[in-house]
Amino acid sequence: MTELISEKLPTTRVNPFDPPPEIKQIRDQATISRLKFSDGHLGWLVTGHHQVREVLGSTKFTNDPAEHHLLEVRFQGEVPKERRKIKPGMFLNQDPPDHTRLRRMLQGQFTVRRMNQLSEWIGTIVDDQLKHLRSFDGRADLVQEFALPVPSLVICALLGVDYDERHRFQEDTAKLLSLNSTFEEAMAAMARIEDFMRELIVRKKANPGDDMISDLLATGEPTDEEASNMALLLLLAGHETTANMLGIGTFTLLQNPDQLKVLRDEPEIIDNAVEELMRYLSIIHFGPVRTATEDVEIDGHLIKAGDTVVMHVPGANRDPEKFPGNPEELDLRRPATGHVAFGHGIHQCLGQQLARIEMRIAFSKLFQEFPDLRLDTTPEEVPLRTDMGIYGVHALPVAWSA
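Residues numbered from 1 in each chain as written. Predicted model: local features only at pLDDT ≥ 70, side-chain atom pairs only at ≥ 80, totals over all residues. Heavy atoms only, no water.

If you check an unreviewed UniProt entry, the protein appears there as Cytochrome P450 from Lentzea cavernae.

**Points about the pattern of salt bridges**
Taken as a whole and judged by the stated rule, the model has 24 salt bridges. Residues E194 and K87 are paired through a salt bridge, measuring 2.6 Å at the closest nitrogen-oxygen approach. Taken together, the positions of E194 in helix α10 (residues 183-206) and K87 in the loop between α3 (71-75) and α4 (98-107) put the pair 107 residues apart, joining distant regions of the chain. On the basis of relative accessible area, E194 is assigned to the buried category, the value being 7%. Residue E226 pairs with R101 through a salt bridge whose shortest N-O separation is 2.6 Å. (Salt bridge = Lys/Arg side-chain N within 4 Å of Asp/Glu carboxyl O. Helix = DSSP H or I, 4+ residues; strand = E, 2+ residues; numbered from the N terminus. Buried < 20%, exposed > 50% of the residue type's maximum accessible area, 1.4 Å probe, protein only.)

**A few points about the packing of helix α9 (residues 167-177) against helix α12 (residues 224-255)**
It is at 11 Å that the axes of α9 and α12 come closest, and there the two elements cross at 80 degrees. Relative to α12, the element α9 lies roughly perpendicular. Here α9 contributes F169, Q170, T173, L176 and L177 to the contact with α12, which in turn contributes L235, L236, H239 and E240. For the contact of α9 with α12, a count of residues per class yields five nonpolar, three polar and one charged. (Axes fitted to C-alpha atoms, helices over the stretch in contact; angles between N-to-C directions. Parallel < 35°, antiparallel > 145°, perpendicular 65-115°, else oblique. Contact = heavy atoms within 4.5 Å. Nonpolar A, V, L, I, M, F, W, Y, C, P; charged D, E, K, R; others polar.)

**Structural notes on the packing of aromatic side chains**
Tallied over the entire structure, the rule returns three aromatic pairs. Judged by centre distance (4.9 Å) and plane angle (65 degrees), the ring pair of F17 and F251 falls under edge-to-face. Taken as a pair, F17 in the loop between β1 (5-6) and α1 (21-29) and F251 in helix α12 lie far apart in primary sequence, 234 residues in all. On the numbers, 6.2 Å between centres and 25 degrees between planes, the contact of F169 with F196 is stacked. A residue pair is termed long-range when its members are at least 10 positions apart, and F169 in helix α9 and F196 in helix α10 qualify at 27 residues. (Phe/Tyr/Trp six-rings, centres within 6.5 Å; stacked < 30°, edge-to-face > 60°.)

Encoded structure:
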């Protein structure tokens, strides 16, 4: 059998809600195929749902970015080896036992029970932001006035970060995630965010509060640098991903009025609706990335030690073997559990229950409060985040009857 080799990772979207059309074509031919990186390394592209889960669940792969060959694609040039080193506390890029130790310190903060206890409080934040949105008298940018503030307010309060200081991380987060930033620009933005977090740790040690960072420091387990970087990860992940799901999720529902009607007529399906939106949109362009630490066979393919493997979550979440029917269509009644939008294995998103609760409450209340919400521009003019590491919309002009 001739092996399918992609000379370049497809990244250009034709439809704003779909992955690049080449991904479906590749997956239809082979759920695991070869991928050539810009430095000449011949690695792998995984587009099948089962295969993505198998790689992410395997202990024979590392998440250490120093071992990956993808950074040259991200920054279009050689990335200095010394800048690839993992910083203490950055558990997202660490393997056991360090990852296990660090993640264990935070798991108690994100239990399903604890997150569910926050529902009423999150509902109040959403209500207040909807009241703010209503004050714009008939038209506003949903991203700026609702989708971004809601998760930002939530994560700032949980971490004990002053919301008025959000400019110190939101602007640099945008630079960090911009695919147009050079490596040096991204690292400078990261350095400024790190300075902010180090200042925060000093303040929390001097004046502890009722928040996650204070609770983490009270255990005495992490070093100051570990605590700073752990809090940084939670801050970035806690507002960027959910904010973009709220923005592009609303855009998607407005463009699928039949499905929006289902949600309005059957509000009890909101839990499944959130899962289906997560599956359908999968707001990363590609990834995650792993590198084999030893030879391993996946679905009949021998992946050798040192091979870099790029999982394609948007492609895997459209795999008809996992989601029969027509996975290319949005169907809020579809049993969508089992998607990999939150990842899989030991690195599965720590804050996924918080994100789910925020989306359930925000989508439900938004369309209850604004039953005639509509786009205030043409769909083609909505600015898409094709230039950012986390996909979504830069803005979503909407209108309603004042």
